[in-house]
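Results of the structural survey
Take a look at the letters that make up each chain.
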Amino acid sequence: MKSGRFHDRWCLSLLSRIVFLAAAWAMAVGAARAAPADPFAGRRVLVLNSYTEGVGAHEEIISGFFAGVAAAGGRNDSVYTEKLDLLRFGTATHRQALVELLRTRYASRQIDLLVTVQQPALDFALDEGRALFAGVPTIAAMVPEESFAGAAHPHVVRLPYEIDFSGTLDHARRLFPDTRRVVVAGGIGPADRVFIAQAKRAFASRQGEFEFEYLDDGDLERSLERIGRLPAGSVAIILTHYQTRTGLSVPHRGVLMQLARAASVPAFTQWASLLQDGAMVGGSVLDVSAMGRQAAEAAIDYLAGRKTLAQLRELPAVGSMPIFDWAQVERWRGDVSRLPAHSVFIGRPASLWAGHRHTVIVWLAVMAGLAGLLVALVVTNGRYRRTVRDHADRRDHLEGLVAERTQALAAALERAEAANRAKSVFLSSMSHELRTPLNSVIGFSALIARAGNLDESTRCNLEIINRSGRHLLTLINNILELSKIEAGRIELEEASTDVAALAREVADMLLPQAEQAGLALEVNIADLPPALRVDAVKLRQVLLNLLANAIKFTREGSVTLEVRVVSRTLCDARIAFAVRDTGIGIAPEDR
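Residues numbered from 1 in each chain as written. Predicted model: local features only at pLDDT ≥ 70, side-chain atom pairs only at ≥ 80, totals over all residues. Heavy atoms only, no water.

**A closer look at the pairing of strand β6 (residues 181-185)**
Counting buried positions along β6 gives 5 out of 5 residues, so the element sits mostly inside the fold. Taking every second residue as pointing to the same face, both faces of β6 are buried, with Arg181, Val183 and Ala185 on one and Val182 and Val184 on the other. Pairing of β6 with strand β7 (residues 211-215) involves 5 bridges; the strand directions are parallel. By the bridge assignment for β7, Ala185 is matched with Leu215. Between the parallel elements β6 and β7, the chain passes through helix α6 (residues 190-203) in a crossover that is right-handed. Relative to strand β8 (residues 234-238), β6 runs parallel, the two being bridged by 5 bridges. Considered in β8, the bridge of Val182 is made with Val235. (Buried < 20%, exposed > 50% of the residue type's maximum accessible area, 1.4 Å probe, protein only. Helix = DSSP H or I, 4+ residues; strand = E, 2+ residues; numbered from the N terminus. Pairing = 2+ DSSP bridges. Right-handed = clockwise from strand over helix to strand, strands pointing away.)

Okay, structure coming up:
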């Protein structure tokens, strides 16, 4: 039965260890990392946004910027953001009012770095705001290369980015191989015309492979009507619409979604943020929030002194990547097998492995552990059966060994008791042999002390010899009590004793030793009762040991024995003894 219980405990222990290790691994996978220190260290950054909410990539690039700041451990109170709204209010009066507002707000706050988002904000900082931001290092995000006059402004760094119009067209052909017509829709604002021009340059080499049509006259109604009746074999690529022919400037995002939902064919885009609304198929899109994170990293590197403006100009461009809305791909029956392997799908149902990878790994580990446990159980069961078979044979053998050992122990015990009796006889004899010469010493010292021709000092010394001899005789007598001590019984022999006299006797016995060491031996005795019931022998021995140790470890000064009453009643009293010296004392570890 004992072997069976061991078998069960071993199995349970192994299973608990497997489960514990699997749980610990799962917890380690999700452990959070500690946030780094604030990289700004009191420096201030001002972000100027060209537009406002709902216009352009304002929300995405700003959220990306603050995400980059937070990831680096930066504090939001070091970053100031201003929405210039230059699309709806681009007049000189509005711009001048912005200058006065910024001058008032930042009169007492030094701006260490300026970040502008899109072309209008950069133009404002370099034109109307040149007096406010003269010489302030500036990072320009999302500014087209062809409209950036970098040589004239050495303190301005443009962060590069690439819009992959050809890549979007290639992905459209992969998803829909029958594509022959490409309709490109865009607004007539300054930024709109930049993107239309870039698209035309990118598609110039594809003429003949596709038939291109551009809806770029700013007539939103006509564009909606046209894009809603495109024939089969067509795709739409919807660019920005900051401004229409009627002057419509907002909501930019709403206009793009209106065009995409009206399209009778798959609608593609260049901006990852537009895929969140469930109207665009996707394409080789630009992650605008990544541009915001790049701007934050560049700002932090510059303020921390890790990179100069010249080094920031060498940063790689934020590129595009194939991202698609799974629902839109399925709606238009696109062939995803032809897309690049690294394509990203938004809203695609996750496979068991992709959606629950960590859980699957944990359960696989548990199952492997259980399989190992099963193998261990089979092996252990075989060992257990062999153990049971061997148990009967060993039991008889062990019983014989136990009987043999019992006899040996009995013989050893008898020998030990005989040795103990011999020791007691020896101690008794030796005590007798020692008492005989010691009694002679005590007797002769008493006889000499009674002689009348001795001076007082000699007589005092003889009395000390006599007392010491009597104490030694008492100790020898106590040797006979060793048998009681070994039995765990120490009896106190109390008798009426003059404790003050006993303390002085002890001091007198050690006075020669103290004088030889050059120490003063003092005795301070308070008002004690004339007699107390104590074991005088044991008390004398304790005081002798304490005083002897104090004298031994004191190099100079004095040793003092104090005796005082702690408490007293009518029937008894508590006495405290203290030995003080000027020696090295007792180390803390020895106390």
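From this point, things continue past the structure.
**Here we look at unusual backbone geometry**
Trans peptide bonds make up most of the peptide bonds, and negative phi angles are found at most residues other than glycine. Positive phi outside glycine occurs at Met142, with the angle close to 60°. Take Met142: it is sitting in the loop between β4 (138-141) and β5 (156-158). With a phi close to 60°, Arg333 is a non-glycine residue in the positive phi region. Looking at the element boundaries, Arg333 is found in the loop between α11 (326-331) and β12 (344-346). Take Arg333: its relative accessible area is 75%, and that puts it in the exposed class.

**Things to note about the layout of surface pockets**
When its volume is computed, the largest pocket comes out at roughly 350 Å³. Lining the largest pocket are 19 residues, and of these Tyr51, Gln119, Pro120, Pro190 and Ala191 sit closest to its centre. Those elements that place two or more of their residues in the lining of the largest pocket are α4 (119-126) and α6. In terms of residues, the lining of the largest pocket owes the most to one element, α6, which gives 4 residues. Residues that form the lining of the largest pocket fall into these classes: 12 nonpolar, 5 polar and 2 charged. Of the voids in this model, the second largest pocket is the one considered here, and its volume is about 270 Å³. Elements with a minimum of two residues in the lining of the second largest pocket: α17 (536-552) and β17 (573-581). Looking at the lining of the second largest pocket residue by residue, the class counts come to 6 nonpolar, 3 polar and 2 charged. (1 Å grid on protein atoms, 1.4 Å probe; cavity = no way out; pocket = protein on both sides within 12 Å on 5 of 7 lines; lining within 4 Å. Points joined across faces, edges and corners; volume = space filled by probe spheres on them. Nonpolar A, V, L, I, M, F, W, Y, C, P; charged D, E, K, R; others polar.)

**Thoughts on the packing of aromatic side chains**
Overall, the coordinates contain 10 aromatic pairs when judged by the stated rule. Consider the rings of Phe324 and Phe345, whose centres lie 6.0 Å apart with planes at 35°: the pair is tilted. A residue pair is termed long-range when its members are at least 10 positions apart, and Phe324 in strand β11 (residues 320-325) and Phe345 in strand β12 qualify at 21 residues. Members of the aromatic cluster, each reached through a chain of ring pairs, are Phe165, Phe203, Phe210 and Phe212. Geometry around Phe345 places Arg348 over its ring, the cationic atom sitting 5.0 Å from the centre. (Phe/Tyr/Trp six-rings, centres within 6.5 Å; stacked < 30°, edge-to-face > 60°. Lys NZ or Arg CZ within 6 Å of the ring centre and 35° of its normal.)

**Overview of the sheet that holds strand β2 (residues 79-83)**
Overall, parallel pairing links the 5 strands, which are arranged β2-β1-β3-β4-β5 in an open sheet. Taken across any chain shown, the strands that pair with only one partner, and hence form the sheet edges, are β2 and β5. Taking the axes of each pair of neighbouring strands and ignoring which way they run, one obtains an average angle of 20° across the sheet. Each of β1 (45-49), β3 (113-117), β4 and β5 is contacted by α4, which is oriented at about 140° to β3, the strand it contacts most. (Axes fitted to C-alpha atoms, helices over the stretch in contact; angles between N-to-C directions. Contact = heavy atoms within 4.5 Å.)

**Let's talk about the pairing of β3**
When you tally the buried positions in β3, you get 5 out of 5 residues, the bulk of the element. Of the two faces of β3, the one carrying Leu113, Val115 and Val117 and the one carrying Leu114 and Thr116 are both buried. Bridge count between β1 and β3: 5 bridges; the pairing is parallel. Note that in β3 the partner of Asn49 across the bridge is Val117. Judged from the 4 bridges that link them, β3 and β4 form a sheet pairing that is parallel.

**Structural notes on the confidence of the model for the protein chain**
Confidence along the protein chain averages 83 in pLDDT terms, with 85% of residues attaining 70 or more. Low pLDDT, under 50, characterises residues 31-35; the predicted model gives this stretch 0 contacts beyond four residues in sequence or across chains. (pLDDT = per-residue confidence, 0-100.)

**Remarks on a negative patch on the surface**
Residues Asp390, Asp393, Asp396 and Glu399 make up a contiguous surface patch of negative charge. Mapped onto the elements, Glu399 comes out in helix α13 (residues 357-449). (Patch = residues over 30% accessible without salt bridge, like charges linked within 9 Å, V, L, I, M, F, W, Y side chains within 5 Å. Areas by Shrake-Rupley, 256 points an atom, 1.4 Å probe, with all protein chains shown as cover. Salt bridge = Lys/Arg side-chain N within 4 Å of Asp/Glu carboxyl O. Lys, Arg positive; Asp, Glu negative; His and termini not counted. Charge placed at Lys NZ, Arg CZ, Asp CG, Glu CD.)

**Some details on the environment of Asn49**
For Asn49, the position within the fold is in strand β1. Residue class for Asn49 comes out buried when judged on its relative accessible area of 1%. Excluding residues that lie within four positions of it along the chain, Asn49 makes contacts with His58, Ile62, Thr81, Glu82, Lys83, Leu84, Asp85, Val117 and Ala121.

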